Amino acid sequence: MCRLLGYIARRPINPGFAFFTGDTNLFTLSHEHSDGWGIAWTSNLGWEVFKEPVALYLSESAERVVQEIRSLLVIAHIRKASQGEKSHVNTHPFTSGNWAFAHNGTIGDYSRLREMLGERTKLLQGETDSEAFFQLLIKNIEDRGDIVEGVRATIKQLEDNGIHYTSLNSVFSDGSQLYGLNLFRGSDSEYYTMYMGRFMIDGVELVAIASEPVGGIEGWEKIGNNKLVVVDRHLTPSIYTVI
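What comes next is a walk through the structure. All values reported here derive from a predicted model rather than from experimental measurement. (Residues numbered from 1 in each chain as written. Predicted model: local features only at pLDDT ≥ 70, side-chain atom pairs only at ≥ 80, totals over all residues. Heavy atoms only, no water.)

**Description of the overall build of the chain**
Argument step 1. A tally of regular secondary structure across the chain gives 7 helices and 13 strands.
Argument step 2. A compact globule built from 243 residues should have a C-alpha radius of gyration of about 18 Å, and the chain, at 16 Å, falls within 12% of that.
Argument step 3. Expressed as lengths along the three principal axes of its C-alpha atoms, the size of the chain is roughly 45 × 40 × 35 Å.
Argument step 4. In the chain, the proportion of contacts linking residues at least 24 apart, taken out of those at least 6 apart, comes to 66%. (Helix = DSSP H or I, 4+ residues; strand = E, 2+ residues; numbered from the N terminus. Rg over C-alpha atoms; globule rule 2.2 N^0.38 Å. Contact = heavy atoms within 4.5 Å.)

**A word on empty space enclosed by the protein**
Argument step 1. As enumerated under the stated definition, the model contains 1 cavity of 30 Å³ or more in all.
Argument step 2. As for the largest cavity, its lining consists of 13 residues, and the residues nearest its centre are Arg79, Ser82, His92, Asp129 and Ser130.
Argument step 3. A per-class count over the lining of the largest cavity returns 3 nonpolar, 7 polar and 3 charged. (1 Å grid on protein atoms, 1.4 Å probe; cavity = no way out; pocket = protein on both sides within 12 Å on 5 of 7 lines; lining within 4 Å. Points joined across faces, edges and corners; volume = space filled by probe spheres on them. Nonpolar A, V, L, I, M, F, W, Y, C, P; charged D, E, K, R; others polar.)

**Re the pattern of salt bridges**
Argument step 1. Enumeration over the complete set of coordinates arrives at 11 salt bridges.
Argument step 2. Of the charged contacts in the structure, one is a salt bridge between Arg3 and Glu212, with a shortest N-O distance of 2.8 Å. Residue Arg3 is found in strand S1 (residues 2-13), and its partner Glu212 is found in the loop between strand S10 (204-210) and strand S11 (221-222); the two are separated by 209 residues along the sequence.
Argument step 3. Assessed through its relative accessible area of 2%, Arg3 is described here as buried. (Salt bridge = Lys/Arg side-chain N within 4 Å of Asp/Glu carboxyl O. Buried < 20%, exposed > 50% of the residue type's maximum accessible area, 1.4 Å probe, protein only.)

**Side note on the packing of aromatic side chains**
Argument step 1. Under the criterion given, the structure shown has 14 aromatic pairs.
Argument step 2. Look at Phe19 and Trp37: their rings are 6.0 Å apart centre to centre, the planes differ by 80°, and that puts the pair in the edge-to-face class. On the criterion of sequence distance, the pair formed by Phe19 in helix H1 (residues 16-20) and Trp37 in strand S2 (residues 37-43) is long-range, its members being 18 residues apart.
Argument step 3. A relative accessible area of 1% places Phe19 in the buried class.
Argument step 4. Centre to centre, the rings of Phe184 and Tyr192 are 5.8 Å apart; their planes meet at 20°, and the pair counts as stacked. Comparing Phe184 with Tyr192 shows no difference in burial state: the two are buried.
Argument step 5. In textbook terms, an aromatic cluster arises when at least three aromatic residues are bridged by ring pairs, as seen for Trp99, Phe101, Phe133, Phe134, Phe172 and Tyr179.
Argument step 6. A cation over an aromatic ring shows up here: Arg3 above the ring of Tyr191, its NZ or CZ 3.9 Å from the ring centre. (Phe/Tyr/Trp six-rings, centres within 6.5 Å; stacked < 30°, edge-to-face > 60°. Lys NZ or Arg CZ within 6 Å of the ring centre and 35° of its normal.)

**A short note on the environment of Val89**
Argument step 1. Inspection of the secondary structure puts Val89 in the loop between strand S4 (71-79) and strand S5 (94-96).
Argument step 2. The class for Val89 is partly exposed, based on a relative accessible area of 30%.
Argument step 3. Between the C-alpha atoms of Val89 and Glu68, which are 21 residues apart in sequence, the distance is 23 Å.
Argument step 4. With residues near it in sequence (within four places) discarded, Val89 still touches Lys51, Phe94, Gln125 and Gly126.

**Let's talk about helix H5 (residues 129-144)**
Argument step 1. The terminal C-alpha atoms of H5, which comprises 16 residues, lie 23 Å apart, in line with the 22 Å expected from a rise of 1.5 Å per residue.
Argument step 2. Among the 16 residues that make up H5, 12 are buried, leaving the element largely enclosed by the rest of the structure.
Argument step 3. Among all positions of H5, only Asp129, Ser130, Glu131, Ala132, Phe133, Phe134, Gln135, Leu136, Leu137, Ile138, Asn140 and Ile141 are buried.
Argument step 4. Along its buried surface, H5 packs onto S5, strand S6 (99-104), helix H4 (110-115), helix H6 (147-160), strand S7 (169-173) and strand S8 (178-182).
Argument step 5. Two residues or fewer after H5 comes Gly145, characterised by a positive phi angle close to 65°. (Expected span 1.5 Å × (residues − 1).)

Written as structure tokens, this is what we have:
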């Protein structure tokens, strides 16, 4: 299991508030979710990524790396491994073309999940269920030309093939918009329920989506199971039911 966060902002901003501010943040949560950490952010070069297969709180690079980032779009993740060894390629976030992605949960029948990818199997760099789900999600979104229908098709495909999951909770982006999927079958609804909020950080407005409230800021609201949040460049959120 893992914790994740994504935000989209009106102007480039530093993500340090989510990592180091308040009593609950990614740094403090990494004492429990200690199998790796990573961050992906947009720049003039497209997606840039830094990740390590070590606990965030033990990283000698984390504070320097995070404090140097200023970005409109950020996706961050701390890992508690359930599938795939502790390694750089298995550490989130994952990127592929214009996409970046982070996931919390466990998806069963990894072999079958890989088979469903077809030619996209060759794009996998590691051996996690999360990365395979990411590629399946991209495939269905591109096949349908629509984010919401692509997400729905992916969920239906998993269920039609009898692939069980505790959670498909994820934060992802195509470099233009921010998406948050809150969908779980696990019994711990408190753990799996995701949150979103609109905040002013250092004078910059942003919308954030996270596994739980972080940063010591007020205004987080529950998303709720079976929901997909789409936040556009104008910071306008739209919420869809996915099943």
